[in-house]
Amino acid sequence: MISAPQTTMSQGGLGIDVTSAAAGSVISGNSVDLTGGTGADIGIVVSFDQGTVTVSNDSVTATGGDDGIVLYQNTTAVGVSGNTIDGSSTGTGILVTAQNSDTNRFGHGAGAVSATLTGNTISGYAEGVQVVSDGGASDTASANIGDGTNAGSNSISGASSGILVTGTEASATITGNTGSIYGN
């Protein structure tokens, strides 16, 4: 278990940081507890992938402004499946971001990002899933959220916004999640 990460960035601590992972890399079976951290922490961040990366069957517990899983500058779709992301947080459960404002957070500008989200259970965040871009045409953020099957349905509860897609270069295909998004 990883717990109460210390500040490694200007805006908070980091539980697991996967940068420039090789194709076929898998992040799985981890438990990250952000409670007691420094604020605005991130459970798992995946950036600059070198091919398909999978984040599966992990558990993230958060408070405050913490984000559960953040995907940033990944041109190959990151597979995010079967994770349990619980929070009492103003943050986001799963954030797929191509925001220029993340320059401060990660130390470099925005870039394209893509993800496939299936079978995740997210509760207690301000936004369950957020797909966001504020950049130009090369700074796209896209996600496939759910796959139309019961097993691929994402469950989101207790969020102000279950799924939020924002920005002119942000897009999402949302399939088969309707019956599993509550209290939003």
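What this report covers is the structure whose coordinates are included nearby. (Residues numbered from 1 in each chain as written. Predicted model: local features only at pLDDT ≥ 70, side-chain atom pairs only at ≥ 80, totals over all residues. Heavy atoms only, no water.)

1. A closer look at the environment of Ser142
- For Ser142, the position within the fold is in strand E16 (residues 141-145).
- Ser142 sits in the partly exposed class, given a relative accessible area of 23%.
- Residues Ser142 and Ala115, 27 residues apart in the sequence, show an inter-C-alpha distance of 6.5 Å.
- Once you skip the residues sitting within four places of it in the chain, Ser142 turns out to touch Val96, Val113, Ser114, Ala115, Val131 and Ser171. (Helix = DSSP H or I, 4+ residues; strand = E, 2+ residues; numbered from the N terminus. Buried < 20%, exposed > 50% of the residue type's maximum accessible area, 1.4 Å probe, protein only. Contact = heavy atoms within 4.5 Å.)

2. Some thoughts on the pairing of strand E3 (residues 12-19)
- Across the eight residues that make up E3, a large majority, six, are buried.
- For E3 and strand E6 (residues 42-47), the ladder comprises five bridges, and the chain directions are parallel. Across the sheet, the residue bridging to Val18 is Val46, located in E6. (Pairing = 2+ DSSP bridges.)

3. Notes on the sheet that holds E16
- In space, the six strands of this open sheet follow the order E4-E7-E10-E13-E16-E19, with parallel pairing throughout. Each edge of the open sheet is held by one strand with a lone partner, namely strand E4 (26-28) and strand E19 (170-174). Strand-to-strand twist across the sheet, computed as the mean angle between neighbouring axes with direction ignored, equals 15°.
- Relative to strand E10 (residues 78-81), strand E7 (residues 54-56) runs parallel, the two being bridged by three bridges. Directly across from Ser56, in E10, lies its bridge partner Ser81. (Axes fitted to C-alpha atoms, helices over the stretch in contact; angles between N-to-C directions.)

4. Structural notes on the nonpolar core
- The biggest cluster of nonpolar side chains holds 33 residues, and the ones touching the most others in it are Leu71 and Ile94.
- Look past the residues within four positions of Leu71 in its chain and what remains in contact with it is Val46, Val78, Val80, Leu95, Val96, Thr97, Val113 and Ala115.
- Leu14, Ile42, Leu95 and Val132 belong to the second-largest nonpolar core, a separate cluster that totals six residues. (Core = buried A, V, L, I, M, F, W, Y, C linked by side-chain atoms within 4.5 Å.)

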